[in-house]
Amino acid sequence: MATRVIAPERNEPSWGRHRSGYVWYTIRRSVSAQFGLVLLAAVLLVAVAGPAVWSADPAATSSNTLASPSLSLPFGSDQYGRDILSRVLNGIRIDIAIAVFVAVLATAVGAVLGVLAGYVGGWVEQLVMRLTDVMLAFPGFILALAIAAFLGNDIRNVILAIGIAYTPVMIRLVRGHALSLRSASFILSSRAVGAPRWWIMLFHVLPNTVSPILVQTTLFLAWAVLDTAGLSFIGVGIRPPTPELGSMTAEGAAFMVSGAWWYAVLPGIVIMLIVLSFNLVGDAVRDILDPQSH
Amino acid sequence: MRANTPLLSVEDLSVDLDVFRGRARVVDRVSLHVAEGEVLGLVGESGSGKSMTAMAVLRLLPHAASVSGGRILLDGTDVLTLSEAQMRRLRGRQVAMIFQTSLLVLNPLLRVGDQIARVFEIHLGTTKSVAHARAVALLDRVGIRNPERVSRSYPHELSGGMVQRALIAVMMAAQPRLLIADEPTTGLDVTTEVQIFDLLSEIRSETNVAILLITHDLGTVATNADRVAIMHAGHIVETGPTRSIFKQPKHPYTRALLSSIPRFDTNSPADSQLRGQAPDIFTLRADRCRFVDRCPAAMEICLDQRPPWVEVSEGHAVFCHLFGGAVASTGGERVVD
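Residues numbered from 1 in each chain as written. Chains lettered and ligands numbered in written order. Predicted model: local features only at pLDDT ≥ 70, side-chain atom pairs only at ≥ 80, totals over all residues.

K.L.:
Just to check I follow, could you spell out the sheet that holds strand 10 (residues 235-241) of chain B for this structure?
P.N.:
Hydrogen bonding along the main chain pairs the strands of a sheet, whether they run parallel or antiparallel. All names here are of chain B. Spatial strand order, 6-7-8-3-9-10-12-11: eight strands in an open sheet with mixed pairing. Both outer strands of the open sheet, strand 6 (95-98) and strand 11 (309-313), are each paired with one neighbouring strand and no more. For this sheet, the mean angle separating the axes of adjacent strands, direction not counted, is 20°. As paired strands, strand 10 and strand 12 (residues 316-319) are joined by two bridges and run antiparallel to one another. Directly across from E238, in strand 12, lies its bridge partner V318. (Pairing = 2+ DSSP bridges. Helix = DSSP H or I, 4+ residues; strand = E, 2+ residues; numbered from the N terminus. Axes fitted to C-alpha atoms, helices over the stretch in contact; angles between N-to-C directions.)

Here you go:
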C-alpha cells in the first residue's frame, strides 16, 4: 500500500489571524479527525432531523411486541410494541442535550472557580481546592450516582449531578494554568498600570486558559453521554418511558436471553458512535489548540 | 518649596525576603530620591536589591518579600500606608513600570491597540472608540510606523524593539509622573537599545516624567542618567551626579566596577579589582559593611561597624569607613530641604 508522504514545514501555530489555516492543516493530516467530524456531523444531523424524517410516535404501543428488525420497523419493537428506531432517534436528542448542558455547566462553574483559586489565592484557593480534593476522592461516576440518588431522578437532576461531578476536574485544570500565569510578565505589566484584579482575571488569565478549557469541554461531552446512559442503565438516571438510550439498553438486556438482541444492542451501538464522535473531535480540538501535546 | 520636594523619596526602606532558607534583608535602609523630570540610574549586580526596591515603590513585591521599615513618599504621600484600591489608582497615573524585554510583556491573545486602549478605559473611563484612536496616536508617538496596522496586530507579529515601544506606550498611556524602567533593553540589540533610550529621553523632555532607570550596565547609565545610585548587596553604597561618580568614584565597589570596564584607548590592561562574588545575603550581619569581604581597602572597623554616610562633594555621598566622618549613620541620600 502506498504511503502518502506529507512533509510540509511544521507550521508553528500562531495566535489569532493565522489560526484558520492551521485548523485545516491539522484536519487534512489526520484521518481520525476527518472520520470524527463526519461521524459527529452525522450524529447531529440525525439528532436534529431524525424524529421529523422517521415520524413514528416513540410512545405509541402496539400488539406487535418484540418484533425483529424489518423494513417497517428497522430497529424492531420492544415489549410494549413501541418502535425502537423512533425511540432511539428521540433518545439521541435527549442524550446530546443532557451532555451539552452538563459540559456547559461544569465548564462555566469550573473555569470561574479555577481562575479565582489560581489567581486570587489565599483563603479562596484553600476553600475551593479542599472542596475539590474531597470531590475528586470519588470516581466521577460514583459521585454523580450519589448526587443523582440524593436529588431524585429527572432530567434536570441528572444534568446537575453529572455537571457537579465534573466541575472539580475543570477547577483543577484551570487553577493550574492560572497559577502559572500569575507570574507572567504581561500580568505584572498590567498590574503596574493599575488594572483591577477582576479585569486581569477576565482579560488576561481567562483568555490564556481557553485552549485547555475547550479541550476539557469536548471530553466532558463524551463522558457525559456515557455517564448519562450509565446512570439510566442502573436506574438512577432518566426513567422510562422517556426514550433514553441507557435506559433502553437496560430494559433490552432482560430480553437478550429470549433472543431479542436488537432491543439492547442497537441503542448500545448508537451510544458508542456518539461517544466515539465526541472523542475523536475532542482529540482534533486538542491537536489544533495544543500542538505540543502529541 | 515645591522645587525642593522630590517626586519620589524613599527613606530608610528595608525589604525582607522570607523563604525556605530563612529570612534575609535584601534591601537594607535604602534611601533615594528622584526629582520631577530627572533620570536616576540605579546600578548594581543581580541580586543587589534594585528590582526589589522598585517593586516596593509600586507595592508589587512578590509574596515572599515584605517591607519591614521605612517610607516611600510619592509626591508627598506614603504609598506604604495606602489601601490596595488607592494604590491601584496610583499605578499607571502616578507611577508605572517597564519590565525587562520579553515576548510575554504583552498579552499574546490581545491586539496591541486594545492593550493600550484598556489603560485609557481603566483610568480615564474613555469610551472604546476614543480609546482606540488615542492608542493609535500613542503608538505613532512612540515611533511605530504604520500605527493603525500595528494596533490591530498581535504581539507575536512585532519585533522585540516594537514590543518594547508598545510597552512604553502602555505605560505612558495614563501619563504617569514617574516611570520605573527595570532593564528596559535587556535582550535587544545595541542599535535598538539606543533607539529605545532616545525615545525615553524624548518622552521625558516632552512630559517631564521622572525615570528611575534600573540596570547593571554602566554605559547605559553614563549616557542616560542625571544622577546615579550604586547598589551592592541591599545597600546603596554611593550616590551622586553622573559626572561626579564617573570622574571621581569614591567607594571601592564603584571604583572596581568602573575599572572593570575594558578600555581600548590606553595600553593599560583592565585591572579588575573586584574579587569574589556578591555576598550571600542570608548570612549577612546587620552591623558591618556588606562589601568588606571583597574590599581591597578593608579595615578592622569595617567588620563590626555599619559605615557612615559621608558627603564628599555637593550631592555626592559615599557609604564607607574610608572617608571617616561621624555623619549620620543611617540613610543613603539625604534630601536637601
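K.L.:
Even after reading the chapter, I still don't get the nonpolar core, so can you show me in this structure?
P.N.:
Note on soluble globular proteins: their nonpolar side chains tend to be buried together. Counting residues in hydrophobic clusters, the biggest one holds 177 residues, and the most contacted among them are A:V102, A:V225 and B:L178. Per element, the largest residue contribution to this core is 18 residues, and it comes from helix 3 (residues 84-120) of chain A. Residues from two domains meet in this core; each of domain 1 (104-175) and domain 2 (234-323) of chain B gives at least three. Those residues within four positions of A:V225 in sequence are excluded, and the remaining contacts are A:D95, A:A99, A:I271, A:I274, A:V275 and A:F278. (Core = buried A, V, L, I, M, F, W, Y, C linked by C-beta atoms within 7 Å. Buried ≥ 20, exposed ≤ 12 C-beta atoms within 10 Å, placed from the backbone. Domains from an automatic or database assignment. Contact = placed C-beta atoms within 7 Å.)

K.L.:
Would you take a moment to explain the packing of helix 5 (residues 140-151) of chain A against helix 6 (residues 155-182) of chain A for this structure?
P.N.:
For any two helices packed against each other, one specifies the inter-axial angle together with the distance between the axes. Residues and elements named next belong to chain A. At a minimum axis separation of 8 Å, helix 5 and helix 6 run at an interaxial angle of 145°. The way helix 5 lies across helix 6 gives a crossing that is right-handed. Of helix 6, the residues touching helix 5 (which contributes G140, L143, A144, I147, A148 and L151) are N157, V158, L160, A161, I162, I164, A165 and Y166. The residue makeup of the contact of helix 5 with helix 6, split by class, is 12 nonpolar, two polar and no charged. (Left-handed = near helix turned anticlockwise from the far one by under 90°. Nonpolar A, V, L, I, M, F, W, Y, C, P; charged D, E, K, R; others polar.)

K.L.:
Teacher, can you tell me more about the environment of B:E238 here?
P.N.:
Residues and elements named next belong to chain B. Within the secondary structure, E238 sits in strand 10. Sequence spacing of E238 and L42 is 196 residues, and the spatial spacing of their C-alpha atoms is 10 Å. Here E238 is in contact with I230, I245, K250, H251, T254, V318 and F319, once residues within four sequence places are set aside.

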